Amino acid sequence: RKVARPSSSEKPERLLIIVNPFSGRKKGEAIYKEVVHPMLEQAGIEHDALITARAGHAMEIMAPREKEMDGVDDISKYDGIVAIGGDGSVYEALQGIKERQDGIQLLQRLKVGHIGAGTSNGLSASLAHASKEHTSATDYAFIVAKGNTTPMDLSRYETLSNHYLSFLTFSWSLIADIDIESEVLRWMGWLRMEVYSAWRVLNLRK
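Residues numbered from 1 in each chain as written. Predicted model: local features only at pLDDT ≥ 70, side-chain atom pairs only at ≥ 80, totals over all residues. Heavy atoms only, no water.

Side note on the pairing of strand β7 (residues 155–158)
Alignment of β7 against strand β8 (residues 163–166), held across 4 bridges, turns out to be antiparallel. Counted as the bridge partner of Ser155 is Ser166 from β8. Counted between consecutive antiparallel strands, the loop separating β7 from β8 contains 4 residues. (Pairing = 2+ DSSP bridges. Helix = DSSP H or I, 4+ residues; strand = E, 2+ residues; numbered from the N terminus.)

In structure tokens:
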């Protein structure tokens, strides 16, 4: 598994950019048009872009197919994936790849980058910190445009009914409740976590 951040001179020949226009404060599409697209063009990196239209759209695109869908080819035709959105956008793409018969091979070969445009942006923030860059859309795009990579571990979790891949952490109980249920306050950005955490602690379930 590889993640876009400076560590080698390799560059992907062709990227699939997955843009979630609903993440965080809904700036994903603007970030792609105003920052990412121009920078990739200047860097000479060929790419296709998918603007997701619904929850699970990125996962659907990862399914194996013969023909073009929503303007993009089968993921096996690309050298890397870059998600513009929150951590959930990366999660969807990885879960979709996991379900393929060639999923393991693709996870080992594909480069994965993240341009944070969601609420928490844990992966992109971690990459920026490791690369000694700032956490802005321009810095994220610059890291991706460099095309350099480093290996990244993935973890697998199984329940009685399903199994999941994770690239950050796996949580349950109160932490998971806050993360999922605070979606109703998405318009608040990161502050939603703090506000909902306080409300949840004061209203513990019995």
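There's plenty left to go through after this.
Let's talk about helix α8 (residues 191–202)
Here α8 spans 17 Å end to end across 12 residues, near enough to the 16 Å set by a 1.5 Å rise per residue. Buried within α8 are the following residues: Arg192, Met193, Tyr196 and Arg200. The arc that holds the buried residues of α8, viewed along the axis, is 90°, so those residues lie on one side. (Expected span 1.5 Å × (residues − 1). Buried < 20%, exposed > 50% of the residue type's maximum accessible area, 1.4 Å probe, protein only. Arc of directions from axis to C-beta.)

Points about the nonpolar core
Counting 25 residues, the largest nonpolar core has Leu16, Met62 and Ile75 as the members making the most contacts within it. Broken down by secondary-structure element, the contributors of at least two residues to this core are β2 (14–19), α2 (57–61), β4 (80–85), α3 (87–98), α4 (103–109) and α5 (122–130). When sequence neighbours within four positions are dropped, the list of residues in contact with Met62 reads Leu16, Ile18, Ile75, Ile81, Ala93, Gly96, Ile97 and Arg100. Grouped together as the second largest cluster of nonpolar side chains are 21 residues, Ile17, Val19, Val35 and Val36 included. (Core = buried A, V, L, I, M, F, W, Y, C linked by side-chain atoms within 4.5 Å. Contact = heavy atoms within 4.5 Å.)

Brief notes about helix α1 (residues 28–43)
Its maximal kink placed at Val36, α1 deviates by approximately 35°, while the proline Pro38 follows within four residues. Buried within α1 we find Gly28, Ile31, Tyr32, Val35, Val36, Met39 and Leu40. Those residues of α1 that are buried are in contact with β2, β3 (46–51), β4, β5 (111–116) and α6 (137–146). In the segment just after α1, Gly44 is the residue with positive phi, at about 75°. (Bend = angle between axes of the 7 residues up to and from the residue.)

Remarks on the confidence of the model for the chain
Within the chain, residue pLDDT values average 86, and 93% of them lie at 70 or more. Of the regions scoring below 50 in pLDDT, residues 1–7 engages in 40 contacts with residues more than four places distant in sequence or in other chains. (pLDDT = per-residue confidence, 0-100.)

Let's talk about the pattern of salt bridges
Inspection of the entire model under this criterion finds 12 salt bridges. A salt bridge links Lys33 to Glu29; its shortest N-O distance comes to 3.5 Å. You can see Lys33 and its partner Glu29 sitting in helix α1, 4 residues apart, about one turn around the helix. For Lys33, a relative accessible area of 54% corresponds to the exposed category. Its relative accessible area of 29% is what places Glu29 among the partly exposed residues. (Salt bridge = Lys/Arg side-chain N within 4 Å of Asp/Glu carboxyl O.)

Quick word on the environment of Arg100
Within the fold, Arg100 resides in the loop between α3 and α4. Not counting residues within four places of it along the chain, the set of residues in contact with Arg100 comprises Met62, Ala63, Pro64, Asp74, Ile75, Ser76 and Leu106. Of the polar contacts made by the side chain of Arg100, one reaches the side chain of Asp102; its length is 2.8 Å. (Polar contact = N/O pair within 3.5 Å; in protein donor to acceptor, adjacent residues only side chain to side chain.)

Considerations on the side chain of Ser124
The topology assignment puts Ser124 in helix α5. Beyond its immediate chain neighbours, meaning those up to four positions away, Ser124 contacts His114, Gly116 and Tyr140.

Some words on the environment of Gly44
For Gly44, the location among the structural elements is in the loop between α1 and β3. Placed 71 residues apart in sequence, Gly44 and Ile115 show a C-alpha to C-alpha distance of 18 Å.

Notes on unusual backbone geometry
In this structure, Lys26 takes a positive phi of about 60° despite not being glycine. Here Lys26 shows up in the loop between β2 and α1. The backbone of Lys132 shows a phi angle near 60°, a positive value even though the residue is not glycine. Tracing the backbone through its elements, the reader meets Lys132 in the loop between α5 and α6.

A word on the environment of Phe142
With respect to the helices, strands and loops of the structure, Phe142 is situated in helix α6. Taking the C-alpha atoms as reference points, Phe142 and Ala130, 12 residues apart in sequence, are found 14 Å from one another. In this view, Phe142 contacts Met39 and Glu133; residues no more than four positions away in its chain are not counted.

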